[in-house]
Amino acid sequence: MSLSKRICASAAVLMLFAGAASAGVPQAQADRLLRDLTPMGAERAGNADGTIPAWDGGLSSVPKNVSWAPGRGHYNDPFADDQVIATVTNANADAHDAFLTPGQRAMLATYPSYKMNVYPSRRSCALPEAVYGAVRENAVKGSLGGKGDTLTGVLRGIPFPIPSSANEIVWNHNLRYRGYKVSRTFVSAAPTREGNFTPIKVQDDLVFDYSAPGISSIKALNNTSFRYLQETISPARRAGQLLLVHETFDPALGERRSWQYTTGRTDSSPRVQRTSAINYDTPQIYSDAMSTADSFDVFSGPLDRFDWTVVGRGERYIAYNSYELSSPAHKYADIIKPGHINQDLVRYEKHRVWIVDATLKPTQRHVYSRRTAYFDEDGYNMVAGELYDARGGLWRVQEAHMIQYYDVPTCFNASDVVYDLVEGRYVVQNLKNEEAGINFDASHLNDMMFVPEELRRRITRR
C-alpha cells in the first residue's frame, strides 16, 4: 500500500473513533513500536521520494561535530553545514502548496518580505530509553475515558503512541517528555508594526510531575501534570511579578490552579492571590493580548471546550532543527523585525505531521471558534497552528521552532511565535539569545518552591 493510501486509511480509522473513549492496543500491535514504527509510534521508513529520511534513532547524545558542555544553556547547531535546498516566497508558493499550511500561505501573501528557507530533513528527535519503555507500557495499558479527559494506566511517556482519536493525539502533546526539573531564562516581545519592542525577561522553573522518576501511578500525582513558577526579571516596572501554576489532567476533578503576585499594589488586597484567570482564552501574560493562556507551549491545558477531530496525516514544511534562531550570536534586535521575525534565521524541513481540527462546542465560550493543530509525528510536539475568529476567518497563525536537546535527550520548541493577521503584529516567546538559556539539570528545584505559602515567603524576604 502506498504512503498516501496508508495515510488516508489511518485518518479514516481515527475519524471513526474521534471523541470516543478508548483503551490500550493489543500487545501484538504495541510490538510494532520495536519494528516498523519508532518508539513514539511514527513511521520508521522515509517517504517515497526520499525527501524525508528513515528514522535512525535521532540525536540521543552530544554530536561529535559540536562543542558543547553541560550548563552552557545554548545548544550548538549539529547541522550548520547544511545548505538551503529551496526558498519559498509568495511568488513560487503554488509550486510548494502541497507542503504548506494555510497559515503559511497567509503569511506569504500578507508580507512581501516573508520567506521560508527549506533545508534537508533531519529526523533528530530522540528520548531516553527509559521513556521509550514507559511508552510501550502505556500503549497496552493506557485508556482515555469520560469526555476524553480521564486518563488511566499511563505515566512518564506519551500516553498513546498508536492513537485511536484526536483527543489522544493532543494528550500526547500535553504529556510529552521534556525532562523532569527544568529551569529557563528567556525573553518575550510583542513589537509594534514598526518593529519597536521592549524585551520582557523572565525566569521560570518547571517540575514535570508526570515525568518524575519513582512515581508508580498517575493517581499518585493528585491530578497534577506539572508545576510552573515564573518570575519577571525586567524591565524594572514589571520586575518581581510572580505566577505559580499547577496544571491538571482532568478538569472534571479540578481546574488549573494558579496564584499571582503583581508588584506596585496600593490597595489592601492580599499580596498573593488565587486566580482562575490563567486559563483557556484569557490573554497570555506578556503577549499584549495577542495570545491566549491555552496557547502557552503552542497548546496547553484542558481539551474540554472543543470537539477534536483528525483531518489526516501529511507532509508539511515545519520549523525544525532551528538552532540558528537560538544562537547567542544574535541579539534580539537581529531577530525581531516589523511584521515577522527574521526569516533568514529560521530553518524549515519537510516532516510528517498529524493534522487535527478543533471546533468550539455550542455550549462553550472561547475567542476562537476553531483551531487547527499540526503535530510532528516523531515527538508529538505541536509545531504549527491556525486560529479562527467567531466568524470563521483566519485570525492568528502559530509557529514553534523545534530543536533537539541532545544531552537530555528530548525534543521540543526552543521558541514560538503567534502572528496576528488583523493587528499586523506578533508576539514571540521563549527566545534564548544573548544571556538567556535553559538548564535541564535543575536539581536545585524543590517542592516547597511551588506552593503558595513559599511564594509569600519569597516576597517577604525581598
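Just so it is clear, the structure is predicted and the values come from calculations on it, not from any experiment.

Enquirer: Describe the overall build of the protein chain, listing the residues and the values that go with them.
Expert: When helices and strands are counted, the protein chain shows 7 helices and 18 strands. The C-alpha atoms of the protein chain give a radius of gyration of 21 Å, which matches the 23 Å a tight globule of 462 residues would have. The principal-axis extent of the C-alpha atoms belonging to the protein chain is close to 70 × 50 × 50 Å. Across the 462 residues of the protein chain, 60% fall into the buried class. Pairs at least 24 residues apart make up 65% of the contacts formed inside the protein chain by residues separated by at least 6 positions. If you sum the accessible surface of the protein chain, you get close to 18,300 Å²; carbon and sulfur atoms cover 52% of it. Here the protein chain contributes 51 positively and 51 negatively charged side chains, and the mean placements of these two sets differ by 3 Å.

Enquirer: Explain the confidence of the model for the protein chain to me, and be specific about the residues and the numbers.
Expert: Keep in mind that low pLDDT regions are not for reading the predicted coordinates in detail. Taken as a whole, the protein chain shows an average pLDDT of 92; of its residues, 92% reach a score of 70 or greater. In the model of the protein chain, helix H1 (residues 3-17) stands out as the element of lowest mean pLDDT, 45, in contrast to strand S2 (residues 116-118), which has the highest, 99. In this model, residues 1-20 is a region of pLDDT below 50 whose contacts with residues beyond four sequence positions or in other chains number 30 contacts.

Enquirer: Give me unusual backbone geometry: which residues, what numbers.
Expert: Here the amide bond leading from Ser234 into Pro235 is cis, since omega sits at 5°, within 30 degrees of zero. You can see Pro235 is positioned in the loop between strand S7 (226-234) and strand S8 (242-247). A cis amide bond links Val408 with the next residue in sequence, Pro409, at an omega value of -15°. A positive phi angle, close to 60°, is found at Asp297, a residue other than glycine.

Enquirer: Quick rundown of the side chain of Asp82? Include the residues and the values.
Expert: With respect to the element layout, Asp82 can be found in the loop between helix H2 (27-30) and strand S1 (86-88). Overall, the relative accessible area of 14% leaves Asp82 in the buried class. Only 2.7 Å separates the side chain of Asp82 from the side chain of Arg122, close enough to count as a polar contact. Among the polar contacts made by the side chain of Asp82, one reaches the side chain of Arg347 at a distance of 2.7 Å.

Enquirer: Quick one: what's the story with helix H4 (residues 129-141), residue by residue and with numbers?
Expert: For H4, with 13 residues, the first-to-last C-alpha span of 19 Å sits near the 18 Å given by 1.5 Å per residue. Where H4 is concerned, the buried positions are Val131, Tyr132, Ala134, Val135, Asn138 and Ala139. Seen along its axis, H4 keeps its buried residues to an arc of 160°; they face one direction. What points out from H4, more than 90 degrees from its buried face, is the exposed set Glu129 and Lys141.

Enquirer: Talk me through empty space enclosed by the protein; I want residue IDs and the actual numbers.
Expert: On inspection of all chains with the given rule, the structure shows 9 cavities of 30 Å³ or more. Of the volumes computed, that of the largest cavity is approximately 270 Å³. Considering the residues around the largest cavity, the lining is formed by 22 residues, among which Arg178, Phe208, Phe226, Phe296 and Asp297 are closest to the centre. Of all the secondary-structure elements, those providing two or more residues to the lining of the largest cavity are helix H5 (166-174), strand S5 (181-189) and strand S16 (410-420). In the lining of the largest cavity, the residues fall into 10 nonpolar, 7 polar and 5 charged. By volume, the second largest cavity amounts to about 220 Å³. Along the wall of the second largest cavity there are 18 residues; nearest its centre are Tyr228, Leu243, Ile278, Gln284 and Phe296. The set of elements that each furnish at least two residues to the lining of the second largest cavity consists of S5, S7, S8 and strand S17 (425-431). With 3 residues, S7 is the single largest residue contributor to the lining of the second largest cavity.

What counts as what
- Residues numbered from 1 in each chain as written.
- Predicted model: local features only at pLDDT ≥ 70, side-chain atom pairs only at ≥ 80, totals over all residues.
- Heavy atoms only, no water.
- Helix = DSSP H or I, 4+ residues; strand = E, 2+ residues; numbered from the N terminus.
- Rg over C-alpha atoms; globule rule 2.2 N^0.38 Å.
- Buried < 20%, exposed > 50% of the residue type's maximum accessible area, 1.4 Å probe, protein only.
- Contact = heavy atoms within 4.5 Å.
- Areas by Shrake-Rupley, 256 points an atom, 1.4 Å probe, with all protein chains shown as cover.
- Lys, Arg positive; Asp, Glu negative; His and termini not counted.
- Charge placed at Lys NZ, Arg CZ, Asp CG, Glu CD.
- pLDDT = per-residue confidence, 0-100.
- Polar contact = N/O pair within 3.5 Å; in protein donor to acceptor, adjacent residues only side chain to side chain.
- Expected span 1.5 Å × (residues − 1).
- Arc of directions from axis to C-beta.
- 1 Å grid on protein atoms, 1.4 Å probe; cavity = no way out; pocket = protein on both sides within 12 Å on 5 of 7 lines; lining within 4 Å.
- Points joined across faces, edges and corners; volume = space filled by probe spheres on them.
- Nonpolar A, V, L, I, M, F, W, Y, C, P; charged D, E, K, R; others polar.

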